[in-house]
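Fold and geometry: a report
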Amino acid sequence: MSSLSLDIGLRSLLTAQSNLETIGHNVANASTPGYSRQNVLVSAAPGFNLRGLMMGRGVQADVVQRTVDQLLQNRIVRQSSSLGRLGARLSNLSELESYVGSTGDSGVPARLAKLFADLSTLSTAPADPLLRSGVVQSADDLAGTLNQIAGNVQQLRKDTVGALRANVDAANTLAKRIGDLNRRIPEIEGGGLQANDLRDQRDQAVRELAELIDLQVVEEPFGAVRVLVGGHMLVSPTKVGELAVQSDPSTGETVLRMGAKGPTIAAKGGGIGALIELLDDDLPQLAGKLDQYARNLALEFNRRHTTGVPGSGPFTLLTAQNPIQDTNLSGFLGDELISAAGLPFDVSSGALYVNVTELATGAVTKQKISIQASKTSVDQFIAALDSIEGLNAKLDPQGHLQVFGDPGYGFDFSPRLDPDPDALGTFGGGQATLSTPAGPFALAIGDTLDLSGPLGPFSIAFNAADFAQLGAATADELAEVLNADANFQANGLVASSSAGRLVIQTQGSGASQTFTVTGGSALPALGVAPGTVVNGHDSEVAAALSGVYTGAASGTWTLQPLGDGTVGTTPGLAVQVLDGAGQLVATLDVGAGYTPGDELVLPDGVRLSLGPGQLSASQGDFLAFDVVADADETDVLAALGLNVLFTGDDADTLAVRKDILADPSRLAAGLGGASGDAQNLLRMLELDHSAVAGLQGDSLAEHYAGLSGDVALEISAAQSTRDAEQQLLASLEDRRDQLSGVNIDEELVRMIEQEQAYAAASQFLRVVNDLQTELLNIL
Amino acid sequence: MSDVRATLRQLEGCVQEEIGAQGRAAERLEAQAEALRTGDPAALAASTLELERELAAAPARAERRAALVRALAARWSVDPRSLRLSSIALRAGDEGRRLERLREDLRGATARAARAMRRNALVARLHQRAWSEVLEGALATVAGDEALPGGQLVDAEA
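What this report covers is the structure whose coordinates are included nearby. Bear in mind that the values here come from a model prediction, so they are computed numbers and not experimental data. (Residues numbered from 1 in each chain as written. Chains lettered and ligands numbered in written order. Predicted model: local features only at pLDDT ≥ 70, side-chain atom pairs only at ≥ 80, totals over all residues. Heavy atoms only, no water.)

**Some details on the packing of helix α4 (residues 129-190) of chain A against helix α5 (residues 196-212) of chain A**
How two helices pack is summed up by the angle between their axes together with the distance between the axes. Residues and elements named next belong to chain A. Contact geometry of α4 with α5 gives a least axis separation of 9 Å together with a crossing angle of 155°. By the criterion of interaxial angle, the relationship of α4 to α5 is roughly antiparallel. Classified by chirality, the crossing of α5 by α4 is left-handed. Along the contact surface, α4 presents Asn167, Ala170, Ala171, Leu174, Arg177, Ile178, Leu181, Asn182, Arg184, Ile185, Ile188 and Glu189, while α5 presents Leu198, Arg199, Gln201, Arg202, Ala205, Val206, Glu208, Leu209 and Leu212. (Axes fitted to C-alpha atoms, helices over the stretch in contact; angles between N-to-C directions. Helix = DSSP H or I, 4+ residues; strand = E, 2+ residues; numbered from the N terminus. Parallel < 35°, antiparallel > 145°, perpendicular 65-115°, else oblique. Left-handed = near helix turned anticlockwise from the far one by under 90°. Contact = heavy atoms within 4.5 Å.)

**Looking at unusual backbone geometry**
Residues and elements named next belong to chain A. A cis amide bond links Gly439 to the next residue, Pro440, at an omega of 5°. Here Pro440 is to be found in the loop between β17 (431-438) and β18 (448-453). Here the phi dihedral of Asp604 falls at roughly 60°; this positive angle occurs in a residue that is not glycine. For Asn643, which is not glycine, the phi torsion reads 60° and is therefore positive. Turning to its location among the elements, Asn643 is positioned in the loop between α11 (636-640) and β33 (646-647). According to the relative accessible area criterion, Asn643 is buried, its value standing at 1%. (Buried < 20%, exposed > 50% of the residue type's maximum accessible area, 1.4 Å probe, protein only.)

**Some details on the sheet that holds strand β10 (residues 264-265) of chain A**
Residue and element names in this part refer to chain A. Reading across from one edge, β8-β9-β10 is the order of the 3 strands in this open sheet, with antiparallel pairing throughout. Edge positions in the open sheet fall to β8 (243-247) and β10, since each of these has one partner strand only. In the sheet, β8 pairs with strand β9 (residues 254-258) via 5 bridges, with the strands oriented antiparallel. Bridged to Ala244 within β9 is Arg257. Against the sheet, α4 engages β8 and β9, with an angle of about 160° to β8. (Pairing = 2+ DSSP bridges.)

**Here's the deal with the sheet that holds strand β24 (residues 543-547) of chain A**
All names here are of chain A. Spatially, 3 strands are ordered β24-β30-β29 in an open sheet, and the strand pairing comes out antiparallel. Each edge of the open sheet is held by one strand with a lone partner, namely β24 and β29 (599-601). Strand after strand, the sheet turns through a mean of 30° between neighbouring axes, direction not considered. As paired elements, β29 and strand β30 (residues 606-610) share 3 bridges and run antiparallel to each other. Each residue of the ladder has a partner; that of Leu600, found in β30, is Leu608.

**Comments concerning the pattern of salt bridges**
Summed over all chains, the structure comprises 38 salt bridges over all chains. The salt bridge involving Glu187 of chain A is made with Arg183 of chain A; its shortest N-O contact spans 3.6 Å. With a gap of 4 residues between them, Glu187 of chain A and Arg183 of chain A both fall in helix α4, about one helical turn apart. On the basis of relative accessible area, Glu187 of chain A is assigned to the exposed category, the value being 53%. Among the salt bridges present, the one from Glu189 of chain A reaches Arg199 of chain A, with a minimum N-O distance of 2.7 Å. With Glu189 of chain A in helix α4 and Arg199 of chain A in helix α5, this pair connects stretches of sequence that are 10 residues apart. Across this residue pair, the class does not change: Glu189 of chain A and Arg199 of chain A are buried. Residues participating in the shared-partner salt-bridge network are Arg5, Arg9, Glu12, Glu95 and Arg98 of chain B. (Salt bridge = Lys/Arg side-chain N within 4 Å of Asp/Glu carboxyl O.)

**Overview of the packing of aromatic side chains**
Residue and element names in this part refer to chain A. Enumeration over the complete set of coordinates arrives at 8 aromatic pairs over all chains. Relative to Phe625, the ring of Trp557 has its centre 6.2 Å away and its plane inclined at 65°; by these criteria the two rings are edge-to-face. Of this pair, Trp557 sits in strand β25 (residues 555-561) while Phe625 sits in strand β32 (residues 623-627), and the two are 68 residues apart along the sequence. With respect to class, Trp557 is no different from Phe625; both count as buried. Every member of this aromatic cluster is reached through a ring pair, and the members are Phe116, Phe301 and Phe646. Sitting over the face of the ring of Phe622, Arg501 holds its NZ or CZ atom 4.3 Å from the ring centroid. (Phe/Tyr/Trp six-rings, centres within 6.5 Å; stacked < 30°, edge-to-face > 60°. Lys NZ or Arg CZ within 6 Å of the ring centre and 35° of its normal.)

**Remarks on the side chain of Asn322 of chain A**
Residue and element names in this part refer to chain A. With respect to the helices and strands, the residue Asn322 is situated in the loop between β11 (317-319) and β12 (350-358). We classify Asn322 as buried; its relative accessible area is 17%. In this structure the side chain of Asn322 is engaged in a polar contact, spanning 2.9 Å, whose partner is the backbone oxygen of Ala639. Aside from chain neighbours lying at most four places away, what touches Asn322 is Leu343, Pro344, Gly399, His400, Ala638, Ala639, Leu640 and Gly641. (Polar contact = N/O pair within 3.5 Å; in protein donor to acceptor, adjacent residues only side chain to side chain.)

**What about the environment of Thr173 of chain A?**
Note that Thr173 of chain A resides in helix α4. Classification of Thr173 of chain A by relative accessible area gives partly exposed; the value is 48%.

What follows is the structure, given as structure tokens:
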């Protein structure tokens, strides 16, 4: 019996020893991440049969078990993945915000504000070289800041690729560790033991892997786990796969694969998911927005600058910054459509106005070139430029368009009003002038025009062969027929067309100049009364335009006297102004109350002055002049890079044109070329608050604020989500710690409770023993 | 004689009550033995408390039994300390046969309880000694590893 007691005692001691070792192990690992508290499970030792009696053998320690809630553990793994993604995303977005969200002097908003401030200052003294340098420097600083941001974004992309590779390497290392533990755990547990610590290590490795990439864990019956990433096996009970990062050559997107040639994996969670999202979504989006911003900034400034004129006056030579490209692969440059010639900006249909200035006299001729985006080729555009008197155009061997004036001629693309619009002298000019209403004219076969000049009467017949369509003859065709007639020439007459009207004039000026329209069957079609005597004048009415047209649409305005009389003398003499559609724009009293030379204010910023002289409604006096809202409706100048302020078409390449940087006098501050002209600066200043169509109707400043605000908003959203997710993870970890974590105080209390319970039992049993002894004594 | 018979019947009642109490004590001790085996301090404390409740009535029963023995000793003019249940049954002759059977039953019940008690006492003592030693060691380790919350007092003059 004594040996049985000794056996029971030994078993008890061994059990106590297991308990103590477990508690000691718990205390030692109290700070080990991922450690799960362990407990000893004990049971009654199997008894043995002693002469028919089953004798108990005390207690034995069966198994040391981890205290773990696998469901909770799986939630922590998932949460870790989500939080890993958010943490990495927040860090990356914060870095992006530091690039685009700078509010200091070196940020885009400050640089843009400085440029507008300098433009404003320069507009008060546009010839000041220091102020010009300031504007050019500010523009260069703005371009440089955008270049720097674009460079930082590109660098961040490279860094992110490096970080992604490092994260994938770390994930592969963790996968190998899990695979190693997968091999060891079944070995130990197959022998009937519990591999608690190895399981804890594996749980910790799985959690660390989850922080890198979203995964699923499936436990196998013999203690190994399968780890699935994006539906593909990364770790199986016997094998470990390897993640690889590649760049898709077709899309440029970052691809995560299971092995170098394995299936692609859509990683959405963890640090790796966040980095891929940054590479494939955030960075390209931000780079795209920056490029769009820089592109529109360049386009809007260039739209104004290309149609401006520097203080030095009209150009004699301009070379395009952007070359034409052989986009149709014909082997030749020039046969491409101008809208598809590989230029960095779109060319649309519309009109381009070209001013050619005779430098000696200052006489300006405004010409309009129509471009149809779907039809006009580069060669046709060049031909149209080249056909303008005094102007030449060609492509250089590299495809750059060169525009240059004939000797003594300059040119520009300004929308300015023609300061001397009546070069032809159709509005009170000195020559005897007859103007018809605007054509076309419905002539018939055999129609004639009968005139009488200094050499006597003569008649001109119109033949159908001279007209494209006799019933709709144009003023140009009629003028050509008249000028070809020998009698017409001999009588000193000349015909021309203006604004669709036929103009017949004497070559000389003065009151002695005269001719008569005697008759002819063509008169009804021409709108001229038979017997009209046309006389010249000794004094010419000098018409002058000034101001900047501010109307929304380009067109041709026409001045027509409403009676015959002398400017500034004839009571009630009035002139009406009609727009291109024949609608009345204004009626001006230029009679007795008007002082010749005074400016008359017309709508939309146009001002007119008339000198003294005679106007005649009966002789068809008129004056047609162009009002130009946009001298380049097609953006062809900005696309070609002719007289641009900014070169480049994205945030990386944006720059101030080199020759303007070197010589700020080339800044096109005006519209007329005079040194004090700041009208183009004012047009550029309007950009400060103008809506830009390419930026969703925002102004430049508003759009950039929105761009940087979007990043800040993303950060704010990511922060909120991360905080919420972090709280959830903390709550899960608290629950895990309560269940699985080691509390040293609790472990000591457990020990004290054990000791006290045994002490109490021991003490009480001594009392019981006394009672039993007393009882046995009386038996 | 009728007084002796009546006292004997009362004594038989006491012994029967004691047999029942010993049986219950043995059951409690077996529950305690189970708690000792599992090492669950709460279960051990609970089983010990149950045992304590069961044995709380033991002194009263012992007093009643002693009073009856003293009464019989007076009738037989003997020293009460010389009387055992076996000698009382012998003196009572035929009247004592029933008491003798009850005495045998009580002996068996008490022996069963005593065996359980001794086994439990041994295990409890061993556990208690082991836990005491480890607890002392653990407390010393914890106290030595960590700085006191308020730092350690040092001699300001030093």
